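Coordinate inspection notes
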Amino acid sequence: MKANNILQFQILFFASMALATGLTLSSSNLLPAPNAYEAADQYLQYPYRTANPPALTPSPAGYEPFHMEHYGRHGARWIVLDFEYTQPAQIMQEAHDKGKLTPLGEEVYQLVADQNTRGALRKGDLTEIGAEEHRVIARRMASNFPEIFEPGTRVEARSSVKLRCIMSMLNELTELKAAQPGLAINFDASEADMHYMVPEWSDSAVKVKQQAYEKYLIPYHSKHLADGKFLKKLFNDKEYASTIPLQLLSDRLIVMLGAMQSHPGAPWLTEKVFSPEEIHNAWLKNNAIWFFEAGNSPMTNGIIPYEKSATLRNIIASADTAVSSPSKSANLRFGHDGIVIALATLMEFDNLWEPIDSLEQLEGRWHDYKLIPTACNIQMVFYRPVGKKPSASDVIVKVLMNEQEVRLPVAPAKQGHPYYNWTDLRQYYLNKLDSFS
């Protein structure tokens, strides 16, 4: 399907979706600016670890849930890349050795040095909070849908081969088993499943992203560079501070300080070090990066979300097997933020599929942290009439994004939103994927 035809399809469909669901995008619906915790993007702690999500709509009369399809990100983790530890540690160590740090600078130095030392062997590992996030989600899953997670239900779980994903899977499955000992659980993590668990980028998508970075992202980032106000809070010598690589230190510290919400008892210094403007500018830059990783836009020829087509096809195929069976079941997948955010776009949750043709339009409409906090997850819950022989035409489905009900790109079932006919939704997604292919 040619790029211009793809975009026409996207625009026409979103118009029909808006009419079907009553969805609007007036200025009154714009998302508010993020706070300092939210501005940490993918390091934002799962919002429902210590609080309950919104109440779910009860099952329709005469229907019960019998199956779940799921894709979840690993929980809170240690920072992944070496340079994110070593670069700020080196800068702060040198300033400390020369006596160039303010009291706040010394506090930041101690934190950075500690993270550099402890994180050296823990890069990307799940934290205690990350494990707890998945245990909490599992408990609520079993409580919300006891008809699915009942004795004898077959639970198939698959994970990315990354250790943090495997540990997230094990924490969630252990809690599910504790909630319902009668579950029959099978789990695995293998390269054999990575083609749909974490699909690789195609050469064409890599090329399109690179062109978009050069044409749009770099100029956008240049408008939101660090202004250096934080330097005088950390360094007691103005001349010495002028020698510090300003943007590099800003980029590294904003990540490291924001990621402290992943560690129990860690100090929260983000708002002591950076001004609200500096925090906001850093978020704008990272939010734009995530948009080019998953968003729907003519700036990337409308192709990026389709890079996760294999994951959606796997979900559909797994659901087809479950729908044709009289048994209860659940298919759980544990992977990464990039898959969750792209799936949410590809599956057209709420208004995510509406094309955005300028990075200046992102704020208020595309907020990465709303989609990919640590342990973010998609739950598709399937319902069928009680006591009736399984038939795909009778099955309805609702979808939860981070445990909140979302609108889908077809007209609601007769039971009303958040319920949709599976045959309609399935056919819509397959037509969309086939048309792109």
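Quick look at the structure, then.

1. Quick word on the packing of helix α4 (residues 128-144) against helix α5 (residues 163-179)
Contact geometry of α4 with α5 gives a least axis separation of 8 Å together with a crossing angle of 35°. As for the relative orientation of α4 and α5, their crossing is right-handed in sense. Facing A131, H134, R135, I137, A138, R139, M141 and A142 of α4, the residues of α5 in contact are S168, N171, E172, E175, L176 and A179. Partitioning the contact of α4 with α5 into residue classes produces 7 nonpolar, 3 polar and 4 charged.

2. Re the packing of helix α7 (residues 203-222) against helix α12 (residues 276-294)
Helices that pack against each other are described as a pair by the angle of their axes relative to one another and the distance between those axes. Axis separation between α7 and α12 bottoms out at 11 Å; the angle between their running directions is 165°. It follows from the interaxial angle that α7 and α12 lie roughly antiparallel. Two packed elements cross with a definite hand, and for α7 against α12 that hand is right-handed. Contact residues: K209, A212, Y213, Y216, L217, Y220 and H221 in α7; L284, K285, A288, I289, F292 and E293 in α12. Taken together, the residues that form the contact of α7 with α12 break down as 9 nonpolar, 1 polar and 3 charged.

3. Let's talk about the packing of aromatic side chains
A complete count under the given rule lists 13 aromatic pairs for this structure. Ring centres 5.1 Å apart and planes at 80° place the aromatic pair F291 and W366 in the edge-to-face group. With F291 in helix α12 and W366 in the loop between α14 (337-346) and α15 (368-371), the pair connects residues that are 75 residues apart, well separated along the chain. Taking 5.0 Å as the distance between ring centres and 75° as the angle between the ring planes, the aromatic pair formed by F382 and W422 counts as edge-to-face. One end of the pair, F382, is in strand β5 (residues 377-385); the other, W422, is in helix α16 (residues 422-436), with 40 residues separating them in the sequence. The pair F382 / W422 is uniform in exposure class, with both members buried. Here a set of aromatic residues connected by ring pairs shows up, and it is made of Y213, F291, F292 and W366. If you follow K209 out to its NZ or CZ, it ends over the ring of W201, 3.7 Å from the centre.

4. Observations concerning unusual backbone geometry
Look at the link from H417 to P418: it is a cis peptide, with omega at 15°. Its location among the elements puts P418 in the loop between β7 (404-405) and β8 (420-421). Of note in the backbone geometry, A375 takes a positive phi value of approximately 65° without being a glycine. Here A375 lies in the loop between α15 and β5.

5. Examining the nonpolar core
Judged by nonpolar contacts, the single largest core of 97 residues is most densely connected at F235, F349, W366, M380 and W422. No other element matches the 9 residues that α12 contributes to this core. Setting aside anything within four residues of it in sequence, one finds W366 in contact with W283, N287, W290, F291, A294, G295, I341, T345, L352, I356 and L371. Counting 27 residues, the second-largest nonpolar core is a separate cluster that includes M169, L183, F334 and Y383.

Cut-offs applied
- Residues numbered from 1 in each chain as written.
- Predicted model: local features only at pLDDT ≥ 70, side-chain atom pairs only at ≥ 80, totals over all residues.
- Heavy atoms only, no water.
- Axes fitted to C-alpha atoms, helices over the stretch in contact; angles between N-to-C directions.
- Helix = DSSP H or I, 4+ residues; strand = E, 2+ residues; numbered from the N terminus.
- Left-handed = near helix turned anticlockwise from the far one by under 90°.
- Contact = heavy atoms within 4.5 Å.
- Nonpolar A, V, L, I, M, F, W, Y, C, P; charged D, E, K, R; others polar.
- Parallel < 35°, antiparallel > 145°, perpendicular 65-115°, else oblique.
- Phe/Tyr/Trp six-rings, centres within 6.5 Å; stacked < 30°, edge-to-face > 60°.
- Buried < 20%, exposed > 50% of the residue type's maximum accessible area, 1.4 Å probe, protein only.
- Lys NZ or Arg CZ within 6 Å of the ring centre and 35° of its normal.
- Core = buried A, V, L, I, M, F, W, Y, C linked by side-chain atoms within 4.5 Å.

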